[in-house]
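# Breakdown of the fold
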Amino acid sequence: MTDLPGIVVTGASGRMGQMLIRTVQESDRARLVGALERPGHDWIGQDVGRAMGGAEIGVTVTDDPLEAFARAHAVIDFTAPAATVEFAGIAAQARCVHVIGTTGMGEDDLKKIAAAARHAIVVRAGNMSLGVNLLVQLTKKVAAALDEDYDIEVIETHHNQKVDAPSGTALMLGQAAADGRGVSLDAVSDRGRDGITGKRERGHIGFSAIRGGDIVGEHDVMFAAAGERVILRHVATDRAVFARGALKAALWGQGRKPGEYDMLDVLGLGDG
Ligand SMILES: NC(=O)C1=CN([C@@H]2O[C@H](COP(=O)(O)OP(=O)(O)OC[C@H]3O[C@@H](n4cnc5c(N)ncnc54)[C@H](O)[C@@H]3O)[C@@H](O)[C@H]2O)C=CC1
Ligand SMILES: O=C(O)C1=N[C@H](C(=O)O)C[C@H](O)C1
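The structure displayed is predicted, hence computed values, not measured ones.

Rules and cut-offs
- Residues numbered from 1 in each chain as written.
- Chains lettered and ligands numbered in written order.
- Predicted model: local features only at pLDDT ≥ 70, side-chain atom pairs only at ≥ 80, totals over all residues.
- Heavy atoms only, no water.
- Helix = DSSP H or I, 4+ residues; strand = E, 2+ residues; numbered from the N terminus.
- Rg over C-alpha atoms; globule rule 2.2 N^0.38 Å.
- Buried < 20%, exposed > 50% of the residue type's maximum accessible area, 1.4 Å probe, protein only.
- Contact = heavy atoms within 4.5 Å.
- Areas by Shrake-Rupley, 256 points an atom, 1.4 Å probe, with all protein chains shown as cover.
- Lys, Arg positive; Asp, Glu negative; His and termini not counted.
- Charge placed at Lys NZ, Arg CZ, Asp CG, Glu CD.
- Pairing = 2+ DSSP bridges.
- Axes fitted to C-alpha atoms, helices over the stretch in contact; angles between N-to-C directions.
- UniProt positions renumbered as here; feature names shortened; annotations may be inferred.
- Domains from an automatic or database assignment.
- Buried area = accessible area lost by both parts, 1.4 Å probe.
- Polar contact = N/O pair within 3.5 Å; in protein donor to acceptor, adjacent residues only side chain to side chain.
- Nonpolar A, V, L, I, M, F, W, Y, C, P; charged D, E, K, R; others polar.
- Salt bridge = Lys/Arg side-chain N within 4 Å of Asp/Glu carboxyl O.
- Near = heavy atom within 4 Å.

### What to know about the overall build of the protein chain
Per the secondary structure count, the protein chain includes 10 helices and 12 strands. Taken over C-alpha atoms, the radius of gyration comes to 19 Å for the protein chain, in line with the 19 Å a tight globule of 272 residues would show. Referenced to the eigenvectors of the C-alpha coordinate spread, the extents of the protein chain come out at roughly 60 × 40 × 30 Å. For the protein chain, buried positions account for 51% of its 272 residues. Nonlocal contacts in the protein chain, meaning residues at least 24 apart in sequence, comprise 69% of its contacts between residues at least 6 apart. Approximately 13300 Å² of the protein chain is accessible, and the part contributed by carbon and sulfur atoms is 49%. Taking the average location of the 29 positive side-chain charges in the protein chain and that of its 36 negative ones, the two points are 3 Å from each other.

### A few points about the sheet that holds strand β1 (residues 6-9)
Spatially, seven strands are ordered β3-β2-β1-β4-β5-β6-β12 in an open sheet, and the strand pairing comes out parallel. Of all the strands in the sheet, the pair left with one neighbour each is β3 (61-62) and β12 (259-261). Packed on one face of the sheet, helix α4 (residues 81-93) meets β2 (31-36), β4 (74-77) and β5 (97-100) and runs near 165 degrees to β5.

### Let's talk about the UniProt feature "binding site: (S)-2,3,4,5-tetrahydrodipicolinate" (unreviewed entry) in the protein chain
Per the UniProt annotation, the sites labelled "binding site: (S)-2,3,4,5-tetrahydrodipicolinate" (unreviewed entry) are His-159, Gly-168 and Thr-169. Tracing the chain through its elements places His-159 in the loop between β7 (151-158) and α7 (168-181). Overall, His-159 belongs to the buried group, its relative accessible area being 10%. Beyond its immediate sequence surroundings of up to four residues, His-159 is in contact with Arg-15, Arg-211, Gly-212, Gly-213, Asp-214, Ile-215, Val-216 and Arg-239.

### Notes on the domain arrangement of the protein chain
If you check the domain split of the protein chain, you get domain 1 (6-128 + 239-267) and domain 2 (130-236). Using C-alpha coordinates to define each centre, domain 1 is positioned 28 Å away from domain 2. With 13 residues of domain 1 at the contact, the number on the domain 2 side is 14 residues. Carbon and sulfur atoms make up 59% of the area that domain 1 and domain 2 hide from each other, which totals about 1100 Å². For the domain 1 face of the interface with domain 2, the top three residues by lost area are Asn-127, Arg-239 and Leu-264, together amounting to 42%. Remark: the boundary between domain 1 and domain 2 carries five residue pairs in polar contact (both at pLDDT 80 or more). Among the secondary structure elements, those contributing two or more residues to the side of domain 1 that touches domain 2 are α9 (240-252) and α10 (263-267). For the side of domain 1 that touches domain 2, the leading source of residues is α10, giving three residues. Residues of the side of domain 1 that touches domain 2, tallied by class, amount to seven nonpolar, four polar and two charged.

### Quick look at the pattern of salt bridges
Two side chains bearing opposite charge may form a pair once their charged atoms approach each other closely. What the rule picks out here adds up to 12 salt bridges. Among the charged side chains, a salt-bridge network with shared partners connects Asp-151, Glu-153, Asp-190, Arg-193 and Arg-200.

### Focus: the site of ligand 1
Around ligand 1, the structure places 21 residues, and the nearest of them are Arg-15, Met-16, Glu-37, Thr-103 and Met-128. One nitrogen or oxygen atom from the main chain of Gly-14 is found 3.3 Å from an oxygen atom belonging to ligand 1. Between ligand 1 and Asn-127 there is a distance of 3.5 Å, counted from a nitrogen atom to a backbone nitrogen or oxygen. About the coverage of ligand 1: the protein hides 81% of its 860 Å² of free accessible area. If you list the elements that add at least two residues to the shell around ligand 1, you get α1 (15-26) and α4. Considered class by class, the residues forming the shell around ligand 1 number seven nonpolar, nine polar and five charged.

Set out below in structure tokens:
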């Protein structure tokens with residue numbers, strides 16, 4: 001039991017944090033060795049099982065990443081961009097695999113994570129589910145097969161607590177569509193249409209975000225032409241799909257060479 005890789009979950013009280021703690025606890029391939037929350041959070045100092053409303057599990061919630069990561073083989077991190085950038089440096093120092101699910105990161109944040117990944121194993125993806133990563137590959141193939149007569153639109157739908165848009169998944173799908181077409185996503189993105197926008201530009205990739213209720217996460221990639229539409233869709237109904245993917249990534253990362261990997265690497269779905 002004690003030989004199993006030790007996992008620290010950051011953002012322990014969050015929607016994903018709690019799901020990850022349950023997933024690690026239920027796994028016979030890993031053990032939970034730490035649970036982290038932000039300084040000042042009322043879970044700090046409590047047993048994480050009790051704080052989640054269940055039985056004690058012998059892991060006390062801490063706000064000290066240095067101390068927590070020193071005991072871990074992997075950190076699974078679904079928090080916020082500033083926290084994730086800080087954790088990337090500390091995980092590299094502690095030599096543990098950093099699995100990053102956090103979305104909404106800016107260019108600067110991504111540069112800092114890439115710098116940490118020169119010395120550390122980082123697995124980062126805007127969506128850790130098998131289904132979405134398959135959809136990424138399908139999107140690339142369909143975009144390569146259809147010409148610019150087909151307007152590409154990415155539509156994402158999430159719960160009303162989500163703070164970033166477009167979702168990390170929508171950006172992955174948009175990138176896959178751009179790669180399939182052999183164009184730069186930055187050059188063709190249409191985000192946040194409002195007002196007199198002018199007609200849609202041929203070859204652009206549009207993004208729309210819908211927010212409401214407790215929707216876990218839905219993504220459509222629409223290829224719309226005169227007379228027909230092709231729609232690729234993924235619907236997540238349970239956050240367990242993300243947590244299972246993240247734990248898989250944490251185990252896959254053990255003993256790898258330093259570098260930044262994604263879920264296509266973990267799942268063996270890459271191009272070659
Ligand atoms: N890649 C994927 O498969 C998925 C990614 N996500 C992303 O994960 C992130 C979190 O999502 P949710 O769990 O829904 O959010 P949430 O708001 O429920 O949880 C975030 C948690 O992080 C904690 N946190 C913030 N700063 C911290 C710090 N410095 N130290 C420790 N803890 C800190 C917060 O207190 C909170 O408990 C978002 O960016 C979301 O988009 C969510 C689901 C799947
Ligand atoms: O915030 C969420 O909830 C989710 N975030 C990820 C994203 O931004 O794509 C993944 C999933 O869709 C849920």
